[in-house]
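Results of the structural survey
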Amino acid sequence: MHADMVFKVSLVSTSPIDGQKPGTSGLRKKVKVFKQPNYLENFVQATFNALTPEKVKGATLVVSGDGRYYSTDAVQIIIKMAAANGVRRVWVGKNTLLSTPAVSAVIRERSGPDGSKATGAFILTASHNPGGPTEDFGIKYNMENGGPAPESITDKIYENTKTIKEYPIAKDLPNVDISTVGVTSFEGPDGKFDVEVFDSADDYVKLMNYDALHGVAGAYAHRIFVEELGAQESALLNCVPKEDFGGGHPDPNLTYAKELVARMGLGKSNTGGEPPEFGAAADGDADRNMILGKRFFVTPSDSVAIIAANAIGAIPYFSSGLKGVARSMPTSAALDVVAKSLNLKFFEVPTGWKFFGNLMDAGMCSVCGEESFGTGSDHIREKDGIWAVLAWMSILAHKNKDNLDGNAKLVTVEDIVRQHWATYGRHYYTRYDYENVDAGKAKELMEHLVKLQSSIPEVNKIIKGIRSDVANVSSADEFEYKDPVDGSISKHQGIRYLFEDGSRLVFRLSGTGSEGATIRLYIEQYEKDASKTGRESQDALSPLVDLALKLSKMVEFTGRSSPTVIT
Ligand code: G6P
Ligand code: ZN
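Residues numbered from 1 in each chain as written. Chains lettered and ligands numbered in written order. Predicted model: local features only at pLDDT ≥ 70, side-chain atom pairs only at ≥ 80, totals over all residues.

Going by what an unreviewed UniProt entry lists, the chain is known as phosphoglucomutase (alpha-D-glucose-1,6-bisphosphate-dependent) and is assigned to Thlaspi arvense. According to UniProt, the comment filed for the chain under the heading Subunit (unreviewed entry) is "Monomer." The record held by UniProt for the chain lists under Function (unreviewed entry) the comment "Catalyzes the reversible isomerization of alpha-D-glucose 1-phosphate to alpha-D-glucose 6-phosphate. The mechanism proceeds via the intermediate compound alpha-D-glucose 1,6-bisphosphate. This enzyme participates in both the breakdown and synthesis of glucose." (UniProt positions renumbered as here; feature names shortened; annotations may be inferred.)

1. Details of the overall build of the chain
Looking only at helices and strands, the chain has 17 helices and 25 strands in total. Looking at the chain residue by residue over its 567 residues, the buried ones come to 50%. The contacts in the chain between residues at least 6 apart in sequence include a share of 73% that link residues at least 24 apart. (Helix = DSSP H or I, 4+ residues; strand = E, 2+ residues; numbered from the N terminus. Buried ≥ 20, exposed ≤ 12 C-beta atoms within 10 Å, placed from the backbone. Contact = placed C-beta atoms within 7 Å.)

2. Here's the deal with the site of ligand 1
In the region of ligand 1, 14 residues are neighbours, and T24, S372, S510, G511 and T512 sit closest. Class assignment of the residues belonging to the shell around ligand 1 gives a composition of one nonpolar, 11 polar and two charged. (Near = placed C-beta within 6 Å. Nonpolar A, V, L, I, M, F, W, Y, C, P; charged D, E, K, R; others polar.)

3. Thoughts on the environment of G132
In this structure, G132 sits in the loop between strand 6 (120-124) and strand 7 (136-142). The spatial distance from the C-alpha of G132 to the C-alpha of E500 is 47 Å, given a sequence separation of 368 residues. Not counting residues within four places of it along the chain, the set of residues in contact with G132 comprises Y69, E243 and D244.

4. Brief notes about the environment of I169
By secondary structure assignment, the location of I169 is in strand 8 (residues 166-169). On a C-alpha basis, the gap between I169 and K80 in space is 5.6 Å, while along the polypeptide they are 89 residues apart. Not counting the four nearest positions on each side in its chain, I169 is found in contact with S10, V12, E41, K80, M81 and A84.

5. Considering the UniProt feature "domain: Alpha-D-phosphohexomutase alpha/beta/alpha" (unreviewed entry) in the chain
UniProt annotation of "domain: Alpha-D-phosphohexomutase alpha/beta/alpha" (unreviewed entry) refers to residues 20-167, 209-292 and 301-402 when read in the numbering used here. Across residues 20-167, helical content stands at 34% and strand content at 22%; the span's end C-alpha atoms are separated by 16 Å. Helix makes up 45% of residues 301-402 and strand 16%, with an end-to-end C-alpha separation of 28 Å.

6. Points about the domain arrangement of the chain
As a measure of interface size, the accessible area lost when the parts come together is often cited. Examined at the domain level, the chain breaks down into domain 1 (5-198), domain 2 (212-424) and domain 3 (426-566). Spacing between the C-alpha centres of domain 1 and domain 2 amounts to 31 Å. The partner domain 2 presents 26 residues to the 27 residues of domain 1 that form the contact. Among the elements that make up the side of domain 1 that touches domain 2, the one with the highest residue count is helix 4 (residues 100-109) (five residues). (Domains from an automatic or database assignment.)

7. Comments concerning the sheet that holds strand 23 (residues 504-509)
Across the sheet, six strands lie side by side as 19-22-23-24-18-25; this open sheet has antiparallel pairing. A single partner strand is all that each edge strand has here, and the edge strands are strand 19 (473-478) and strand 25 (565-566). Pairing between strand 18 (residues 426-437) and strand 25: two bridges, direction antiparallel. Following the sheet pairing, Y432 is matched in strand 25 by I566. (Pairing = 2+ DSSP bridges.)

8. As for the nonpolar core
One finds L292, A308, V325, A326, L335, V338 and F356 to be the most contacted residues of the largest nonpolar core, which totals 64 residues. At 11 residues, the largest contribution of residues to this core is made by helix 12 (residues 385-399). Apart from the residues lying within four places of it in its own chain, the contact partners of V338 are A305, A308, A309 and Y424. One finds L51, A59, L98 and I178 within the second-largest nonpolar core, a separate group that totals 59 residues. (Core = buried A, V, L, I, M, F, W, Y, C linked by C-beta atoms within 7 Å.)

9. Regarding the sheet that holds strand 1 (residues 5-6)
Taken in spatial order, the eight strands make up an open sheet running 1-9-10-5-4-6-7-3, and their pairing is mixed. Taken across any chain shown, the strands that pair with only one partner, and hence form the sheet edges, are strand 1 and strand 3 (27-30). With five bridges joining them, strand 4 (residues 60-65) and strand 6 adopt parallel strand pairing. Among the inter-strand pairings, S64 is bridged to a residue of strand 6, identified as I123. Against the sheet, helix 3 (residues 71-84) makes contact with strand 4, strand 5 (89-97), strand 6, strand 9 (182-188) and strand 10 (191-198), and its axis sits at roughly 175° relative to strand 5, the strand it touches most. (Axes fitted to C-alpha atoms, helices over the stretch in contact; angles between N-to-C directions.)

10. So, unusual backbone geometry
Although it is not a glycine, S127 sits at a positive phi angle of roughly 55°. Tracing the chain through its elements places S127 in the loop between strand 6 and strand 7. Here H492, not a glycine, exhibits a phi torsion of approximately 55°, which is positive. Here H492 lies in the loop between strand 21 (489-490) and strand 22 (495-499).

11. Points about the pairing of strand 16 (residues 367-370)
Neither face of strand 16 is exposed, since V367 and G369 on one face and C368 and E370 on the opposite face are all buried. Pairing between strand 14 (residues 325-328) and strand 16: three bridges, direction parallel. Residue pairing across strands places V325 opposite V367, the latter belonging to strand 16. Across four bridges, strand 16 lies against strand 17 (residues 374-377) in antiparallel orientation. Of the residues in strand 17, the one forming a bridge with G369 is T375. Hairpin connection between strand 16 and strand 17: a loop of three residues separates the two successive antiparallel strands, and F373 in this loop has a positive phi of roughly 70°.

12. Here's the deal with the packing of helix 9 (residues 300-314) against helix 13 (residues 413-424)
Packed helices, taken two at a time, are described by the angle between their axes plus the distance between the axes. Running from N to C, helix 9 and helix 13 point in directions that differ by 85°, and their axes come no closer than 11 Å. Between helix 9 and helix 13, the angle falls in the class roughly perpendicular. Across the interface between the two elements, D302, I306 and A309 from helix 9 touch I416, V417 and H420 from helix 13. Here the contact of helix 9 with helix 13 is composed, by residue class, of four nonpolar, one polar and one charged. (Parallel < 35°, antiparallel > 145°, perpendicular 65-115°, else oblique.)

13. Some points on helix 12
Owing to its 3.6 residues per turn, the α-helix aligns residues three or four sequence positions apart on the same side. Across its 15 residues, helix 12 extends 21 Å between first and last C-alpha, which sits within 8% of the 21 Å expected from 1.5 Å per residue. By the criterion of burial, helix 12 is predominantly enclosed, with 14 of the 15 residues buried. (Expected span 1.5 Å × (residues − 1).)

14. With respect to helix 4
Within helix 4, eight of the 10 residues are buried, which leaves the element mostly enclosed by the surrounding structure. Every buried residue of helix 4 is accounted for by T100, P101, A102, V103, S104, A105, V106 and I107.

Set out below in structure tokens:
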């Protein structure tokens with residue numbers, strides 16, 4: 001037995017630093033910004049001060065992330081500040097690695113030997129943004145339900161960053177070895193303080209097995225994943241976590257997941273050979289997903305609709321039914337059609353996973369998704385890339401269940417999607433992103449679009465002058481959301497133009513960038529006629545795209561002749 005190391009607390013004076021407003025999903029800035037004196041400390045203390053005292057003093061907190069550059073420094077700082085703020089224990093994933101969905105699962109499910117449960121988590125991630133010394137770092141706080149902090153808390157955090165004067169820190173606390181599983185105990189002014197490093201993979205796999213779909217995949221998952229994909233090892237691309245994500249951009253879409261896209265026979269750089277039947281990619285913190293079939297891309301908006309349409313038969317977790325479904329506003333209305341046809345409760349929320357949490361806590365929503373490659377369910381309160389893959393595996397298994405010997409033709413990802421379109425109609429969909437645009441110009445573009453909305457007849461006159469082959473606009477507004485559970489109101493959540501034929505144009509400024517402004521343009525067109533659901537989406541959408549660019553004066557405002565990324 002050795003005595004626990006005793007630490008003291010010092011109070012450090014500081015002053016507010018500009019620009020610490022959490023975005024769609026926490027605070028994301030360049031690493032060099034985070035490395036400024038007191039930058040991280042101010043934000044962490046502002047967060048502690050935004051929480052009720054019992055969520056700090058004596059509490060258990062999780063601190064982990066996607067392992068990006070600066071995480072190992074940041075975790076030590078947060079441990080020292082947690083100790084000084086009277087936190088009882090901190091749980092850290094080995095090498096600071098925990099995916100965002102795993103953190104959510106850990107908050108909800110994990111308990112210590114004395115029955116302790118975590119009441120919150122600092123997640124160190126900038127999600128799909130690149131990592132490394134010259135790239136992005138990020139931090140966000142999740143609540144005791146396992147979901148991202150609601151706006152009431154993030155607003156308070158921001159207010160606190162504007163007035164902060166000091167923070168306590170246990171400077172003399174030695175750095176904890178986060179590469180070794182185990183508990184290190186300390187003794188401070190508030191009593192005992194423990195740091196427990198645990199194996200994130202073990203815990204996550206256990207939780208996924210428990211929570212999700214273990215045993216569902218069975219024989220057909222084996223056939224699809226192992227036999228169709230070939231040897232197991234060769235099916236895994238880029239699966240060693242790196243501080244800089246290998247220099248790549250860890251965003252699962254057709255532009256950035258180049259290797260997978262080529263392997264699946266999509267895009268120009270087809271690697272040759274027969275592509276596998278199923279492919280999937282995740283982002284830096286593994287909450288986003290992209291689902292691919294052989295030479296086939298599933299849009300995230302279709303993915304959530306298809307999961308919802310098939311969940312009850314194919315996924316045992318949902319065997320007793322769906323409590324409701326939800327999507328973010330810019331996500332296509334494919335899910336709406338499924339909800340209507342299956343008579344499910346349906347919600348349209350602003351962009352940001354935090355808005356789904358209240359619905360789930362209130363038992364109003366089981367499955368939800370966003371166009372931004374996020375899909376999830378109420379097993380946790382974050383989107384979950386691995387869950388989405390397991391959900392698709394389950395659907396594939398279910399659709400092939402009468403073909404156990406493999407003699408009949410495999411029902412493929414593409415078959416499932418085309419069948420879905422034939423039943424529910426298709427929402428042609430695309431998103432244009434203009435990244436790192438001058439913030440002032442982006443604001444002007446948005447103001448121009450809001451001004452146009454004041455007269456619909458005027459808008460329709462302008463539209464007819466640009467394209468005579470698109471429908472009339474029936475209404476236009478800035479999306480506003482009233483949370484049906486707590487009544488909170490979120491304004492200015494994107495500019496919408498809704499057309500008489502169900503088409504939509506949506507314009508938003510991204511809340512996840514770290515430099516300049518990113519303008520997102522979402523374009524959607526509904527096609528009910530089953531014989532017309534097989535077109536190339538960029539073809540089908542070209543009149544609307546043309547209209548959107550001209551109506552918004554995109555080129556004039558941004559000086560960009562084409563978007564940075566099209567998804
Ligand atoms: C994060 C959030 C999502 C959101 C996405 C895009 O991944 O968790 O809920 O949809 O960012 O946000 P943005 O503001 O960049 O469009
Ligand atoms: Zn992410």
